[in-house]
Amino acid sequence: MTEVASLRPLAAVGVSAIAILGILAAHRRPNLREGVTLVAAACKFAIVASMLPGVLDGTVYVTNLGELVAGIPFALRADALGLLFALLASLLWIPTSLYSIGYMRGLGEENQTRYFASFAGALSATMGIAFAPNLVVLFVFYELLTVSTYPLVAHDETEEARAAGRKYLAYTFGGGVAVLAGTVLVYVAAGTVTFSAGGIEGLTAGAGTNVARLAFALLAGGFAVKAAVMPLHSWLPDAMVAPTPVSGLLHAVAVVKSGAFGLSRVVLDVFGPEAVAEVGAGVPLAAVAVFTFIVASVIALRKDNLKRRLAYSTIAQLSYIVMGLALLKPTALVGGLLHIPAHAFMKLTLFFCAGAIHVETHTDRISEMAGIGKRMPLTMAAFGLASLGMAGMPLLAGFVSKWYLLAGSFSAGQTVFALALLLSGVLNIAYFWPVVYQAFFETREESDQKPVVDAEIGGYWGRVPDHYTPGAAVADGGDDAHSHEEGWRRVGLRGGEASPFVLAPILVAVGGAVAIGIAPATVYFFRIVRLVVENATGVAV
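Conventions we followed
- Residues numbered from 1 in each chain as written.
- Predicted model: local features only at pLDDT ≥ 70, side-chain atom pairs only at ≥ 80, totals over all residues.
- Heavy atoms only, no water.
- Phe/Tyr/Trp six-rings, centres within 6.5 Å; stacked < 30°, edge-to-face > 60°.
- Buried < 20%, exposed > 50% of the residue type's maximum accessible area, 1.4 Å probe, protein only.
- Helix = DSSP H or I, 4+ residues; strand = E, 2+ residues; numbered from the N terminus.
- Patch = residues over 30% accessible without salt bridge, like charges linked within 9 Å, V, L, I, M, F, W, Y side chains within 5 Å.
- Areas by Shrake-Rupley, 256 points an atom, 1.4 Å probe, with all protein chains shown as cover.
- Salt bridge = Lys/Arg side-chain N within 4 Å of Asp/Glu carboxyl O.
- Polar contact = N/O pair within 3.5 Å; in protein donor to acceptor, adjacent residues only side chain to side chain.
- Contact = heavy atoms within 4.5 Å.
- Pairing = 2+ DSSP bridges.
- Core = buried A, V, L, I, M, F, W, Y, C linked by side-chain atoms within 4.5 Å.
- Axes fitted to C-alpha atoms, helices over the stretch in contact; angles between N-to-C directions.
- Parallel < 35°, antiparallel > 145°, perpendicular 65-115°, else oblique.
- Left-handed = near helix turned anticlockwise from the far one by under 90°.
- Nonpolar A, V, L, I, M, F, W, Y, C, P; charged D, E, K, R; others polar.
- Expected span 1.5 Å × (residues − 1).
- Bend = angle between axes of the 7 residues up to and from the residue.

1. Description of the packing of aromatic side chains
In this description, a pair of aromatic rings is defined by centroid distance and the angle of the planes.
Then comes step 1: Applying the stated criterion across every chain, the model contains 18 aromatic pairs.
Then comes step 2: Relative to Phe 116, the ring of Tyr 115 has its centre 5.1 Å away and its plane inclined at 90°; by these criteria the two rings are edge-to-face.
Then comes step 3: With relative accessibility at 1%, the residue Tyr 115 sits in the buried group.
Then comes step 4: For Phe 116, a relative accessible area of 2% translates into the label buried.
Then comes step 5: With a centroid separation of 5.7 Å and 50° between ring planes, the pair formed by Trp 433 and Tyr 437 is classed as tilted. Of this pair, Trp 433 and Tyr 437 both sit in helix α19 (residues 415-441), 4 residues apart, roughly one helical turn.
Then comes step 6: The exposure class of Trp 433 is partly exposed, given its relative accessible area of 45%.
Then comes step 7: Look at Tyr 437 and you get partly exposed, because its relative accessible area is 30%.

Below is the structure:
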């Protein structure tokens, strides 16, 4: 790899930070404010994409900004793994910004200037995480992402939203403390915290295996909070009280993926696959991931609130990434890393569809969506495609990543993990099929109970209502105070679909999921993933 001094990594971080000033200055002119957002999103993606050809050819772009602490540089470094995350986040910020305009205006949400400013700040922090050259810089931007996304989680300013925000801060700041402690131990053991493909040389020998094992546990545990690995996951379903575009940011674009990305850095560029195997951390981490995606899938079956079902689906899907990293085999690593963009496109589609349904019908409960496919056919068709992709059906993004995960499981001799992955796919179908079936094949008058989903489990405790209860004054995340019957009748000139600002991003996101599934070898994300794995393991996949 050849390092080249460049301001482009800094520009990628800075463009949305500068946009915050423009957004705040245009608070009395919504069209200008949202224009600033869209221009910043386009510029950020253009800057990141301009580094893609060079990175694929082995060039690393570096911006040096002095020293953060003694001996540890404060710099930004665009390598292959960083570009994977940055390219995904900057690309998806464009349709998410368009969707936000249609969504926030469609519901007449308050504090829209704060919302767009916080969103821009979150994307700056995300770029900093992607381009961090060492654990200390990664930690700084990791915490900045927490701070910038808190106003988004608590946007509605209800007591429930504030409680969800406090819980989010408690969990994620706690994870940040663990990351910092692990960073200190790595520095003590190796004398450096700078990332190196294949791992920092001499890390396990410097202070002994036990210290290295503790450092790995702290780093993996800290990043696992935002990756929503059980039992560190409960902040995520509660954060569904936020507006749907924020849920898309949390689940697909930035926050949870920053946790998965942090784990990727630890496994590939801090310890390296060989050192992770040496300290005996791979199989236990994979076992926790398998436990997470099975249990989360079972819980998702029981959720009637669509966004909460999607939240538990996210918890499950993120652990596919963790399992792929923990298996340490090149094919499994490809599957885990490729699932980062694959899941992003699919899950963003699903959340966009949930938000479109809410904007047009004020309906959030799956049990109240019978026949909605006749009113919103494009939206629900996109939902159906993304659901199939999440289950791993061929010709969709989820199939490609899960194929490599299965191959990696067998390659590692972990047949049990491969079977668990197949079982999880069946559970995906079980909790997504009722939504699609109700939408297209039932009407409100003829809808019936789904025994697997709706039957009471656990006697008295099976009758305990979901987190969001009827009558709660919660926007989007739970039940609404509007008449659903009134919402069904509200059909304008464009039919029952949402506005173009809402519908177009849905079609773009599901189109990305289809493109990755049909022609993965021609998609840049796949090429980047293969390069990352080859750099870390020395094996071409």
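Moving on from the model shown.
2. Focus: a nonpolar patch on the surface
Then comes step 1: A contiguous nonpolar patch, built from Leu 385, Leu 388, Met 393, Ile 429, Trp 433 and Phe 441 and spanning about 560 Å² of accessible area, is present on the exposed surface.
Then comes step 2: When residues in the nonpolar patch are grouped by element, the largest group, 3 residues, is from α19.
Then comes step 3: Relative to the elements of secondary structure, Ile 429 occurs in helix α19.

3. Remarks on the side chain of Ser 297
Then comes step 1: Counting through the fold element by element, Ser 297 comes out in helix α13 (residues 282-301).
Then comes step 2: For Ser 297, a relative accessible area of 0% translates into the label buried.
Then comes step 3: Reaching out from Ser 297, the side chain makes a polar contact with the backbone oxygen of Phe 293 at a distance of 2.6 Å.
Then comes step 4: Not counting residues within four places of it along the chain, the set of residues in contact with Ser 297 comprises Ala 316, Ser 424, Leu 427, Asn 428 and Tyr 431.

4. Digging into the pairing of strand β3 (residues 72-78)
Then comes step 1: Counting buried residues along β3, 5 of its 7 residues qualify, which places the element largely inside the surrounding structure.
Then comes step 2: Hairpin geometry of strand β2 (residues 59-69) and β3 is characterised by an intervening segment of 2 residues between the two adjacent antiparallel strands and by a positive phi of about 80° at Gly 71.

5. Observations regarding the nonpolar core
Soluble globular proteins: nonpolar side chains tend toward being buried together.
Then comes step 1: One finds Phe 271 and Met 323 to be the most contacted residues of the largest nonpolar core, which totals 182 residues.
Then comes step 2: In terms of residues, this core owes the most to one element, helix α15 (residues 330-361), which gives 19 residues.
Then comes step 3: With near-sequence residues (within four places) excluded, Met 323 lies in contact with Ala 286, Ala 289, Val 290, Phe 293, Leu 405, Ser 409, Phe 417 and Leu 421.

6. Describing the sheet that holds β3
Across a sheet, strands are paired by hydrogen bonds formed along the backbone, either parallel or antiparallel in direction.
Then comes step 1: Read across the open sheet, the 3 strands follow the order β1-β2-β3; overall the sheet is mixed. The open sheet is flanked by β1 (2-5) and β3, the only strands paired with a single partner. Strand after strand, the sheet turns through a mean of 45° between neighbouring axes, direction not considered.
Then comes step 2: As defined by bridge partners, β1 adjoins β2 across 4 bridges and the pair is classed as parallel. Its bridge partner being in β2, Glu 3 is matched across the sheet by Val 60.
Then comes step 3: On top of the sheet, helix α6 (residues 135-153) reaches β2 and β3; it is set at about 75° to β3, its chief contact.

7. As for unusual backbone geometry
Then comes step 1: That bond from Met 230 to Pro 231 is cis: its omega, 10°, falls within 30 degrees of zero.
Then comes step 2: Mapped onto the secondary structure, Pro 231 falls in the loop between α9 (209-226) and α10 (235-238).
Then comes step 3: One non-glycine residue, Ala 228, adopts positive backbone phi at about 60°.
Then comes step 4: Note on placement: Ala 228 falls in the loop between α9 and α10.
Then comes step 5: Note on Ala 228: relative accessible area 0%, which makes it buried.
Then comes step 6: For Leu 395, which is not glycine, the phi torsion reads 75° and is therefore positive.
Then comes step 7: Topologically, Leu 395 is positioned in the loop between α17 (377-391) and α18 (397-411).
Then comes step 8: We classify Leu 395 as exposed; its relative accessible area is 57%.

8. Quick notes on the packing of helix α14 (residues 306-327) against α19
Then comes step 1: With their axes 12 Å apart at the nearest point, α14 and α19 run at an angle of 165° to one another. With respect to their mutual orientation, α14 and α19 come out roughly antiparallel. Handedness of the α14/α19 crossing: left-handed. Packed against α14, whose contacting residues are Leu 306, Arg 309, Leu 310, Ser 313, Gln 317, Tyr 320, Met 323 and Leu 327, the element α19 presents Phe 417, Leu 421, Ser 424, Gly 425, Asn 428, Tyr 431, Phe 432, Pro 434 and Val 435 at the interface.
Then comes step 2: Residue composition of the contact of α14 with α19, by class: 11 nonpolar, 5 polar and 1 charged.

9. Concerning the environment of Ile 321
Then comes step 1: Checked against the element boundaries, Ile 321 lands in helix α14.
Then comes step 2: Taking C-alpha positions, Ile 321 is 6.4 Å from Leu 337, a pair spaced 16 residues apart along the chain.
Then comes step 3: Apart from residues lying up to four places away in sequence, Ile 321 is in contact with Lys 257, Ala 260, Gly 336, His 339 and Ile 340.

10. Here's the deal with the environment of Ile 94
Then comes step 1: Checked against the element boundaries, Ile 94 lands in helix α4 (residues 80-107).
Then comes step 2: With relative accessibility at 25%, the residue Ile 94 sits in the partly exposed group.
Then comes step 3: Taking C-alpha positions, Ile 94 is 8.2 Å from Phe 45, a pair spaced 49 residues apart along the chain.
Then comes step 4: Apart from residues no more than four positions distant in its own chain, Ile 94 is found in contact with Leu 38, Ala 41, Ala 42 and Phe 45.

11. Side note on α4
Then comes step 1: Between its terminal C-alpha atoms α4 stretches 40 Å, which fits the 40 Å expected from 28 residues at 1.5 Å a residue.
Then comes step 2: Within α4, the axis deviates most sharply at Trp 93, by approximately 30°, and proline Pro 95 lies no more than four positions further along.
Then comes step 3: By the criterion of burial, α4 is predominantly enclosed, with 22 of the 28 residues buried.
Then comes step 4: Positioned one or two residues after α4, Gly 108 has a phi angle of 60°, which is positive.

12. Description of the packing of α14 against α15
Then comes step 1: In contact at an axis separation of 8 Å, α14 and α15 are set at 170° when each is read in the N-to-C sense. By the angle class used here, α14 and α15 are roughly antiparallel. For the pair formed by α14 and α15, the contact residues are Leu 306, Lys 307, Leu 310, Ala 311, Ser 313, Thr 314, Gln 317, Tyr 320, Ile 321, Gly 324, Leu 325 and Leu 327 on the first element and Ala 332, Leu 333, Gly 336, Leu 337, His 339, Ile 340, His 343, Lys 347, Leu 350, Phe 351, Ala 354 and Ile 357 on the second.

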